Amino acid sequence: MSDTESLDPDLPAVEVRGLIKTYDEFDAVSGIDFEVQAGEVFGFLGPNGAGKSTTINMLCTLTRPSGGSARVAGHDIVSERDDVRRHIGLVFQDPTLDGYLSGEQNLRMHAELYGVQKDLVDPRMEQVMRMVGLWDRKDQQVQTYSGGMRRRLEIARGLMHSPRVLFLDEPTVGLDPQTRASIWGYIAELKAREEITIFMTTHYMDEAEFCDRIAIIDGGQIVAIDTPDALKESVGKDTIRIQTDDDQLAMQRLTELYEIESTISEGHVTFGIASGEQFVPRLFAELNVPIKSVNVNRPTLDDVFMKYTGSSIRDAEQAGGSETSRAVMRAFAGR
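Residues numbered from 1 in each chain as written. Predicted model: local features only at pLDDT ≥ 70, side-chain atom pairs only at ≥ 80, totals over all residues. Heavy atoms only, no water.

Participant: Help me out: how do you make sense of the packing of helix H9 (residues 247-258) against helix H10 (residues 276-286) in this one?
Facilitator: In a packed pair of helices, the relevant descriptors are the angle between the two axes and the axis-to-axis distance. One way to put it is that H9 packs onto H10 with a least axis distance of 12 Å and a crossing angle of 110 degrees. Between H9 and H10, the interaxial angle falls into the category roughly perpendicular. Like other packed secondary-structure pairs, H9 and H10 cross with a definite hand, here right-handed. In this structure, H9 uses Arg253, Leu254, Leu257 and Tyr258 to contact H10, whose residues at the interface are Phe279, Arg282, Leu283 and Glu286. Class assignment for the residues of the contact of H9 with H10 results in 5 nonpolar, no polar and 3 charged. (Axes fitted to C-alpha atoms, helices over the stretch in contact; angles between N-to-C directions. Helix = DSSP H or I, 4+ residues; strand = E, 2+ residues; numbered from the N terminus. Parallel < 35°, antiparallel > 145°, perpendicular 65-115°, else oblique. Left-handed = near helix turned anticlockwise from the far one by under 90°. Contact = heavy atoms within 4.5 Å. Nonpolar A, V, L, I, M, F, W, Y, C, P; charged D, E, K, R; others polar.)

Participant: Looking at this structure, I do not really get the pattern of salt bridges. What am I missing?
Facilitator: A side chain with one charge can pair with a side chain of the opposite charge if their charged atoms come near. Tallied over the entire structure, the rule returns 23 salt bridges. A salt bridge links Arg108 to Glu104; the nearest nitrogen and oxygen atoms lie 2.8 Å apart. In this pair, Arg108 and Glu104 are both assigned in helix H3 (residues 103-113), 4 residues apart and thus about one turn of the helix distant. When the shortest N-O distance is used, the salt bridge between Arg282 and Glu286 registers 3.7 Å. Of the two residues, Arg282 and Glu286 are both situated in helix H10; the distance of 4 residues between them amounts to about one turn of the helix. For Glu286, a relative accessible area of 32% translates into the label partly exposed. In the salt-bridge network here, residues are joined through shared partners; they are Glu209, Asp229, Lys232, Asp238 and Arg298. (Salt bridge = Lys/Arg side-chain N within 4 Å of Asp/Glu carboxyl O. Buried < 20%, exposed > 50% of the residue type's maximum accessible area, 1.4 Å probe, protein only.)

Participant: Sorry, what's going on with the side chain of Asp76 here?
Facilitator: You can see Asp76 is positioned in strand S5 (residues 75-76). The buried charged residue Asp76 lacks any salt bridge partner; its closest oppositely charged side chain belongs to Arg71, at an N-O distance of 4.5 Å. From its side chain, Asp76 meets the backbone nitrogen of Val78 in a polar contact 2.8 Å long. Only 2.8 Å separates the side chain of Asp76 from the backbone nitrogen of Ser79, close enough to count as a polar contact. In this view, Asp76 contacts Ala70, Arg71, Arg81 and Val84; residues no more than four positions away in its chain are not counted. (Lys, Arg positive; Asp, Glu negative; His and termini not counted. Polar contact = N/O pair within 3.5 Å; in protein donor to acceptor, adjacent residues only side chain to side chain.)

Participant: Sorry if this is basic, but what is going on with the nonpolar core here?
Facilitator: Across soluble globular proteins, you tend to see nonpolar side chains buried next to one another. Residues Leu107, Met129, Leu153, Leu159, Leu168, Ile214 and Ile216 are the most contacted members of the largest nonpolar core, which totals 44 residues. Not counting the four nearest positions on each side in its chain, Leu159 is found in contact with Arg124, Val128, Met131, Leu166, Leu190 and Ile196. Counting 27 residues, the second-largest nonpolar core is a separate cluster that includes Ala13, Ile32, Phe34 and Ala50. (Core = buried A, V, L, I, M, F, W, Y, C linked by side-chain atoms within 4.5 Å.)

Participant: Sorry if this is basic, but what is going on with the confidence of the model for the chain here?
Facilitator: Confidence along the chain averages 86 in pLDDT terms, with 91% of residues attaining 70 or more. Low confidence marks residues 321-335, where pLDDT is under 50. Its contacts with residues over four positions away, or in another chain, come to 16 contacts. (pLDDT = per-residue confidence, 0-100.)

Structure follows, in structure tokens:
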């Protein structure tokens, strides 16, 4: 049955308490706690093998947790599995479309599986396919679609039954940068048009910037959670580099006016300050030294990940990710 009722905005769309998933003696997810608010775009950022997909599988009732609890759309993921499934949409990391069917047939089959009211199927299908730019290709076999088109169709399929929470597991993995940007354009439109909460996983730093909040997960544990800007601010100050007519005088003025210590490097005066972009207009107005150029470098999410985990996300993928995958495979092989 289709359910278009929106979540109570005062209640979390996702509520997780002490969630654990253990394979034999290996903890893929180690007692995590977090909440996702209704209408939020929430991102799980971490390397492959960090526990992102395992968490989504538990929240979507595909894997039973070893401990802890979670509620999705107000329903317990263990005792109310059917209720959870009725209220969520899921776009898997790996493609699950039937390539021999048309785009329309794939969506009709999904609507039937979810019991969408028959008189609502056609208008809903047109709505979601237009949203992802595929309405004019609805009659063509999915095997003729490009990778980006298939991903967009999977998002449309996940929306057919009007879910309250849409889970996107690595929604743009394997796609080229231009197609990834296109997918995010459709996700932004989705957020604007649908009353829905989006929970996504990614290991792409630029994608995490689209989220309202991010949880950084590494080794099965959440090490930080906040907005992208707040996480970057937690790393430290912005770095400003200016080129002036008199660098020595500029350094003196920075000390006198703002008590800022600066250095000269490669023909530029360099210093650190919080909220650098907001500071630049003051710099031009008050420094009283002609400024030829200015450059502001903010801390990045790469810097954030390094601060909280001690390694870059690429290094973590090469080391921990592969080891995690091997450990899970060993656990399953022993069953």
